[in-house]
Amino acid sequence: MIGERRILLEPREVPLGGVRGMNVLRVLPHRNLPTIGAWCFLDRFGPADTRMRVEPHPHIGLQTVTWPLVGEIRHRDSLGSDADLRRGQLNLMTAGNGISHSEYSIGDDPIPLDALQFWVALPEGARQGAGGFERHTDLPAVSLAADEGADATATVVLGEFAGTVSPATVHTPIVGAEIVVPAGTRVRLPLRTDWEHAIMLVEGDASVSTHEMTQNDMLYLGDSRDAVEVASAQGALLFVIGGEPFDDEIVMWWNFAGRTHDEIAEARTEWEAASARFGVVEGHDVRIPAPPLPDVRLMPRGRRI
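Because the structure is a prediction, the values reported are computed rather than measured.

A. A look at the overall build of the chain. Each helix and strand in the chain was counted, giving two helices and 26 strands. C-alpha atoms of the chain, sized along the principal axes, occupy 60 × 45 × 30 Å. Across the 305 residues of the chain, 55% fall into the buried class. Within the structure as shown, the chain displays about 12,500 Å² of accessible surface, and the carbon and sulfur contribution to it stands at 47%.

And the structure:
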C-alpha cells in the first residue's frame, strides 16, 4: 500500500513541436510518479483560439481518453472510425498492439479549444490485442450531497465512482470522473481505500482537505482513504483519476507504452516503414514522422513516491 498522503504535482509547459505546433500543459508522467492507477499521461491543451491539426501518428500499449471542455474535435483512425466529439462526450481509443489516428479541430479557422487528453496503460493481455474505438455520448452521473450549498455532480467518464459505472471499456480497476462543485459548497467525495487517487483542479477554486489548489495543479492523495473533502467558494470543475496501483513497470517514449527498449525500437521501425501494423488513416496525405531514439537504452520509470 502507498499510504495516505498529499503531494502536489505541478504541470509543466511542453512544446509538442513538429507538424503539431502546439504547446500543452503536462501533468503526467511526473518525474517521481509514472502512473496513478493505470493512468500514465495527462495533457491539457488550451484554453486557446487555435486551428488544431494533429496528423496521423501511432500508439501501442495504451488507451487514449479524450475529454473536451470547449470546442469540437474530429477523430479519425486506422480502424475506419470518423467521429466528431464535443463537451460531455468521450472518445476512447484502445491501441493494443498498434493503431494510428489523427485529431483535427472542426472547420478551417481557429476556434476556441480546450480539452484533457489522458493515456491509460494496458496490462499484458490487452496490450498485445487488437485495437478498438468507442464514442460515448451519454455517460452516467451521480449526485453527491453537500454539507453546505447545492449538491455536487460527478460524471463517471471511465471505470467506477460512487457506485456508478461508466459504459466505456476498461482493462484494469480504474476511475476517471469529472466533478462539478457549485459555489459555496463543501462536499465529501467517496474513495476506495485499496486504490490510489489524485484530483486535478480544471477551473475555479477549490480546497481539498484544507489544501488550497491552483488551476491545473493535481493533488496526489495516495491510497488508504475512504473519502476526501472538497470546498469551493466560487465553484469548481475537478477531475478525479485513480485506480488499483499498476504493478507493471512501463517504458514510455513518444506515443508508445511498452516494457522494454527493444519493443519500443521495433514499433518505431515499423511506423517509419509504414508497416501494416499501424494501418492507414484515410483522408490524409502526410503523417507525423517518429523522432530519433536517444543514444542510451530506454528504461522503465520507477516510482519514487
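B. Local environment of the pairing of strand β12 (residues 132-136). Going residue by residue along β12, you find G132, E134 and H136 tucked away on one face and F133 and R135 left uncovered on the opposite face. Here strand β9 (residues 90-94) pairs with β12 via five bridges, running antiparallel. Bridge pairing in β12 links N91 to R135.

C. Representation of the side chain of D223 in the model. As for its position among the elements, D223 is in the loop between β22 (218-222) and β23 (227-232). Within the local environment of D223, its side chain forms a polar contact with the side chain of S224, the two groups lying 3.0 Å apart.

D. Spatial organisation of the environment of T64. Take T64: it is sitting in strand β6 (residues 62-70). Accessibility expressed as a relative area gives 3% for T64, which makes it buried. In this structure, the C-alpha to C-alpha distance between T64 and P29, residues 35 residues apart in sequence, is 14 Å. Once residues lying within four places of it in the same chain are set aside, the contact partners of T64 are H59, N91, L92, M93, Q117, F118 and W119.

E. Region of the structure containing the sheet that holds strand β8 (residues 82-85). Read across the open sheet, the four strands follow the order β5-β10-β7-β8; overall the sheet is antiparallel. Edge positions in the sheet fall to β5 (53-59) and β8, since each of these pairs with one other strand and no more. Averaged over all pairs of adjacent strands, the angle between strand axes in this sheet comes to 20°, irrespective of strand direction. Inspection of the sheet shows strand β7 (residues 73-77) paired to strand β10 (residues 99-105) by five bridges, in the antiparallel sense. Note on β10: the bridge partner recorded for R76 is S102.

F. Local environment of the sheet that holds strand β18 (residues 185-190). Strand order in the open sheet formed by five strands is β14-β18-β23-β20-β21, with antiparallel pairing between adjacent strands. The open sheet has two free edges, formed respectively by β14 (146-148) and β21 (211-213), since each of these has just one partner strand. The sheet shows a mean angle of 25° between the axes of neighbouring strands, direction not considered.

G. Expanded view of the pairing of β10. In terms of burial, β10 is largely enclosed, as seven of its seven residues are buried. Note: β5 against β10, five bridges, orientation antiparallel. Bridge pairing in β10 links P58 to S100.

H. Quick peek at the side chain of T35. Examined against the element boundaries, T35 turns out to sit in the loop between β3 (23-28) and β4 (39-50). For T35, a relative accessible area of 6% translates into the label buried.

I. Geometry of helix α2 (residues 261-272). Over its 12 residues, α2 extends 17 Å from the first C-alpha to the last, a length consistent with the 16 Å expected when each residue adds 1.5 Å. Buried residues of α2: H261, E263, I264, A265, A267, R268 and W271, and no others. On its buried side, α2 packs onto β5, β10, α1 (124-127), β25 (251-253) and β26 (256-258). Backbone geometry just downstream of α2 places A274 in the positive-phi region, at approximately 55°.

J. Focus on a positive patch on the surface. A grouping of R12, R31, R301 and R304 is seen on the molecular surface, where their side chains present a positively charged patch. Among the structural elements, R31 can be located in the loop between β3 and β4. Using a relative accessible area of 68% as the deciding quantity, one classes R31 as exposed.

K. Region of interest: the pattern of salt bridges. Going through the model one piece at a time under the given rule, you end up with 15 salt bridges. Among the salt bridges present, the one from D82 reaches R74, with a minimum N-O distance of 2.7 Å. Note on D82: relative accessible area 44%, which makes it partly exposed. One salt bridge in this structure joins E124 and R127, with 3.0 Å as the shortest N-O distance.

L. View of the nonpolar core. By size, the foremost hydrophobic cluster in this structure holds 39 residues, and its most contacted members are I36, W39, V65, L116, M218 and I241. Counting residues per element, this core draws most heavily on strand β11 (residues 111-121), at five residues. With residues up to four places along the chain from it excluded, the contact list for W39 reads L28, P34, V65, F118, W119, V120, L158, I174, V175, G176, I241 and G242. In this structure, V181, L189, A206 and M213 belong to the second largest nonpolar core, which totals 26 residues.

Cut-offs used in this document
Residues numbered from 1 in each chain as written. Predicted model: local features only at pLDDT ≥ 70, side-chain atom pairs only at ≥ 80, totals over all residues. Heavy atoms only, no water. Helix = DSSP H or I, 4+ residues; strand = E, 2+ residues; numbered from the N terminus. Buried < 20%, exposed > 50% of the residue type's maximum accessible area, 1.4 Å probe, protein only. Areas by Shrake-Rupley, 256 points an atom, 1.4 Å probe, with all protein chains shown as cover. Pairing = 2+ DSSP bridges. Polar contact = N/O pair within 3.5 Å; in protein donor to acceptor, adjacent residues only side chain to side chain. Contact = heavy atoms within 4.5 Å. Axes fitted to C-alpha atoms, helices over the stretch in contact; angles between N-to-C directions. Expected span 1.5 Å × (residues − 1). Patch = residues over 30% accessible without salt bridge, like charges linked within 9 Å, V, L, I, M, F, W, Y side chains within 5 Å. Salt bridge = Lys/Arg side-chain N within 4 Å of Asp/Glu carboxyl O. Lys, Arg positive; Asp, Glu negative; His and termini not counted. Charge placed at Lys NZ, Arg CZ, Asp CG, Glu CD. Core = buried A, V, L, I, M, F, W, Y, C linked by side-chain atoms within 4.5 Å.

Purely geometric stuff here, so don't read any function into it on its own.
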